[in-house]
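# Report on the structure
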Protein chains: 2
Amino acid sequence: MERSIGIGLLGAGTVGGTLVSRLIGDAEAISSKTGLTFDVRRVGVQNLEKQRPFSFTPGLLTDQLEEVVDDPSVDLVVEVMGGLDPAGDLILRALEAGKPVISANKELIAARGPELIAAAEKSGVPFLFEAAVGGGIPIIRPLSETLAGEKIDRVLGIVNGTTNFILTQMSEQGAAYDVALKEAQTLGYAEPDPTADVSGADAAAKAAILASLAFGTWVGIGDVYHEGIEAITAVDIGFAEDFGYVVKLIGVCERVEAGISARVHPAMIPLDHPLAGIRGATNAIFIEGPTIESLLFAGPGAGGDPTATAVLGDMIDAARETLAGAQVAPRIRFSPGELVAFEDVSTEWYVRLIVDDKPGVLAKIASGFGDAGVSIRSVWQEGGETKADLIVVTYPAPERAQREALRSLSTIDEVTDIGSVIRVLGPSR
Amino acid sequence: MERSIGIGLLGAGTVGGTLVSRLIGDAEAISSKTGLTFDVRRVGVQNLEKQRPFSFTPGLLTDQLEEVVDDPSVDLVVEVMGGLDPAGDLILRALEAGKPVISANKELIAARGPELIAAAEKSGVPFLFEAAVGGGIPIIRPLSETLAGEKIDRVLGIVNGTTNFILTQMSEQGAAYDVALKEAQTLGYAEPDPTADVSGADAAAKAAILASLAFGTWVGIGDVYHEGIEAITAVDIGFAEDFGYVVKLIGVCERVEAGISARVHPAMIPLDHPLAGIRGATNAIFIEGPTIESLLFAGPGAGGDPTATAVLGDMIDAARETLAGAQVAPRIRFSPGELVAFEDVSTEWYVRLIVDDKPGVLAKIASGFGDAGVSIRSVWQEGGETKADLIVVTYPAPERAQREALRSLSTIDEVTDIGSVIRVLGPSR
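What you see is a predicted model, and the numbers here were worked out from it, not measured in a lab. (Residues numbered from 1 in each chain as written. Chains lettered and ligands numbered in written order. Predicted model: local features only at pLDDT ≥ 70, side-chain atom pairs only at ≥ 80, totals over all residues.)

## Side note on the overall build of chain A
- Regarding its fold elements, chain A presents 14 helices and 17 strands.
- Its C-alpha radius of gyration of 24 Å places chain A within 12% of the 22 Å reference for a compact globule of 429 residues.
- C-alpha atoms of chain A, sized along the principal axes, occupy 80 × 45 × 35 Å.
- Out of the 429 residues in chain A, the part that is buried amounts to 54%. (Helix = DSSP H or I, 4+ residues; strand = E, 2+ residues; numbered from the N terminus. Rg over C-alpha atoms; globule rule 2.2 N^0.38 Å. Buried ≥ 20, exposed ≤ 12 C-beta atoms within 10 Å, placed from the backbone.)

## Section: the sheet that holds strand β2 (residues 36–44) of chain B
Residues and elements named next belong to chain B.
- What the six strands build is an open sheet, ordered β3-β2-β1-β4-β5-β6; its pairing is parallel. A strand with exactly one partner marks an edge of an open sheet, and here the two such strands are β3 (61–62) and β6 (127–128).
- Pairing geometry for β2 and β3, over two bridges, is parallel. Its bridge partner being in β3, Val43 is matched across the sheet by Leu61. (Pairing = 2+ DSSP bridges.)

## A few points about the interface of chain B and chain A
- Taken together, the 54 residues of chain B in the interface contact 55 residues of chain A.
- The set of elements that each furnish at least two residues to the side of chain B that touches chain A consists of α2 (27–34), α6 (140–146), β12 (293–300) and α12 (304–323) of chain B.
- Ranked by the residues each element gives to the side of chain B that touches chain A, the list is headed by α12 of chain B, at eleven residues.
- Classifying every residue of the side of chain B that touches chain A by side-chain character gives 25 nonpolar, 16 polar and 13 charged.
- Strand direction decides the pairing type here: strand β12 (residues 293–300) of chain A and β12 of chain B, joined by three bridges, are antiparallel. (Contact = placed C-beta atoms within 7 Å. Nonpolar A, V, L, I, M, F, W, Y, C, P; charged D, E, K, R; others polar.)

## Digging into helix α14 (residues 399–409) of chain B
All names here are of chain B.
- Among all positions of α14, only Gln402, Ala405 and Leu409 are buried. In a view along the axis of α14, the buried residues occupy a sector of 60°, so they form one face of it.
- Those residues of α14 that are buried lie in contact with β13 (346–356), α13 (361–371), β15 (387–394), β16 (397–398) and β17 (415–424). (Arc of directions from axis to C-beta.)

## Examining helix α1 (residues 14–25) of chain A
All names here are of chain A.
- Between the first and last C-alpha of α1 there are 16 Å, a value that for twelve residues agrees with the 16 Å anticipated at 1.5 Å per step.
- Turning to α1, its buried residues are Val15, Gly16, Gly17, Thr18, Leu19, Val20, Arg22 and Leu23.
- Packing partners of the buried residues in α1 comprise β1 (3–10), α2 (27–34), β2 (36–44) and α12 (304–323). (Expected span 1.5 Å × (residues − 1).)

## Digging into the sheet that holds strand β3 (residues 61–62) of chain A
- In spatial order, the strands read β3-β2-β1-β4-β5-β6 (chain A); together these six strands make up an open sheet with parallel pairing. Each edge of the open sheet is held by one strand with a lone partner, namely β3 and β6 (127–128) of chain A.

## Some thoughts on the relation of the copies chain B and chain A
- Mapping chain B onto chain A is achieved by rotating through 180° and translating by 0.0 Å along the same axis, at an RMSD of 0.0 Å. Here the symmetry operator amounts to a two-fold rotation axis. Using C-alpha coordinates, one finds that chain B approaches the rotation axis most closely at Phe297 of chain B, a distance of 2.4 Å.
- Both copies present the same face, since 100% of the interface residues in chain B are matched by interface residues at the equivalent positions in chain A. (Least-squares fit on C-alpha atoms with pLDDT ≥ 70 in both.)

## Some thoughts on the domain arrangement of chain A
- In terms of domain boundaries, chain A breaks down into domain 1 (3–135 + 304–323), domain 2 (140–299) and domain 3 (344–424).
- The straight-line distance from the C-alpha centre of domain 1 of chain A to that of domain 3 of chain A is 51 Å. (Domains from an automatic or database assignment.)

## Focus on unusual backbone geometry
- For the bond from Asp85 of chain A to Pro86 of chain A, the omega torsion is 0°, close enough to zero to count as cis.
- Looking at the secondary structure, you find Pro86 of chain A in the loop between β4 (76–79) and α4 (87–96).
- A positive phi is found at Glu293 of chain B, a non-glycine position, where the angle reads about 60°.
- Along the polypeptide, Glu293 of chain B turns up in strand β12.

Here you go:
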């Protein structure tokens, strides 16, 4: 069976352009390995004038995006334009028309996943999004298919390359945050406006998708607490190393007693943890479960080439199923489940306080934690002339209690500043 | 859609037993996540008397293995008995009867893969074997599906936990090979007869499967050169560390100029290579390609629980496709390709010679390599009273030339012994 699949491409930026070159350049290899040929029949872009000069056949390119979806010669729609609008409605339109859709759009999937997945299920066509998390790392398919029979306990992800690059530079070069960010921008790892990356918002969309697939309960982007790396200082990274930790921006998806928690925040992880060695812009996902123990997936988390490879894998998969001519069942179903508010999740804290180096200050601080119901695991003081860095690491306690303790600390006269708060990630519960 | 799938199980050992407990214990979770229920309808074992006391309903268990395959209530056959016979013919019988088959049998797939895959293709049913390589690590599906559009350059695998455990003990505890092997046996990581593991034969079957899927050209078990770890000494592991390397038993699948090479041998890999940190019985697969750069997959490579999870993932996948009622296309097609004999593959060698510490010996050794066309990268001599360890690391040269050099070295009077030969694995070509 050798069949040509008509592709409608939405978006022709870095990923779209790379994909088109690959479909042309590797056509023979793809065909010999899969028996499929892909023929790009329409390419939709939002702004024709801004379009980079890919040598598209005249008539291929359009800014009438619905035309791409509606074109009867388009069998399969590939959305690599990003953003919520108009990508979401275009995908819905394609799925409702019974066309399989491949998307790399984490933001959209985290926002409208259930609606789009339901539309795909109703039409019996695949809706695949391997490229939405972890770029070129195969993670969506292993998580939702290979591990479908595993009761996953926890997924930890370094799912944003920009922030991991910045933290790696801060850790290995002792660079300040601003300096490391500038370097990331110069090297093209960070956007001119880096907010989506450094605030943890990008990672939160990915954590929402990972949690949903891992636990089979839909977790929306609004359910994921996120905190960025803007406040991380080289001082804290130094202390972390002294204590045997490294600071990473981690997406944490876990099953806790009361339900499911998904969140993104900087975390200290032990130096011997497999994620501790993930350097630079590399991404990695670490999955823990009762039977698989732990699995590590690591690789390039972004970039046109790896992302296009992930999209292409989905295209091959979808084409295979579609050519079989059957109504395919969805790969995962979601059931209702309890989502736990971040305030109710227990975490361990590292708190660095700047204090006046006077007798009695430690007792007051200890009371502040104790009154809030937070137990202290260890205390470390590093003195200056009159001011000292006082570091407290707590035992696990609900965020709510930890924050209450922090509020009471800020009222202590001798505490002149709260330098920083970083959560400490322990072993699996 | 809620459908019950009738399972025929071939083999009820560790993996089969674990699988049955999981199908019962996790039935509700599996059903809510996938919409499927699995009902074990027949269980075939070769020896009823040896059968461990699983509480199978009377009539479920049989030693008439064809009955399991032929039972009309069996929709899907799961083969976890291992070995070539009778597993191979039973699987063929099931596929020819249009029943999907899941197998964890690396030996069989490496031996009869093309025949079984062709039978599955002819009947339009899935034949899946995620558990055959890397146990609980999802690697078959990512390699054959997600990366179907990637022209993979090289796959390196630590795919045998027993040997990795032994080498880790030798490296970290300075244990001798025999001591580490005994420890592995005591802990259940090695069989009483450890030959299949320590000889590299087990890893060779897995390397054959990895190479076949990575390159889309079938590589049979007989095409994979293999060499075990029996001759590795703590002395060599010590030298390796001094030079910044660690010794691992590696399955190497690579595209070289003349074609495809797949082989298994102990190799020195640089300490900063992602595979260098894979300790104990853990398995890992490292994939290199032009667009994905490098991907690492790591996790438990064996054991009833992880293997059963991989089998279960395949069962869910196959059931999904089968319920769609379509003739499904195979996930990968194989094309003819050139396989390169190991003698023609270029490798770097570490050679440790025991020599009489006399003037002129180095010149003779250098000539031995030079005459065979092998260039020396570095030489290190560590003297004793009259005997010295002389270590030579070469530049890449065809195995044939390296072996010729070794033969000529053995004729030099001052070379009293050839201590060991270990290949050195460089960066991707």
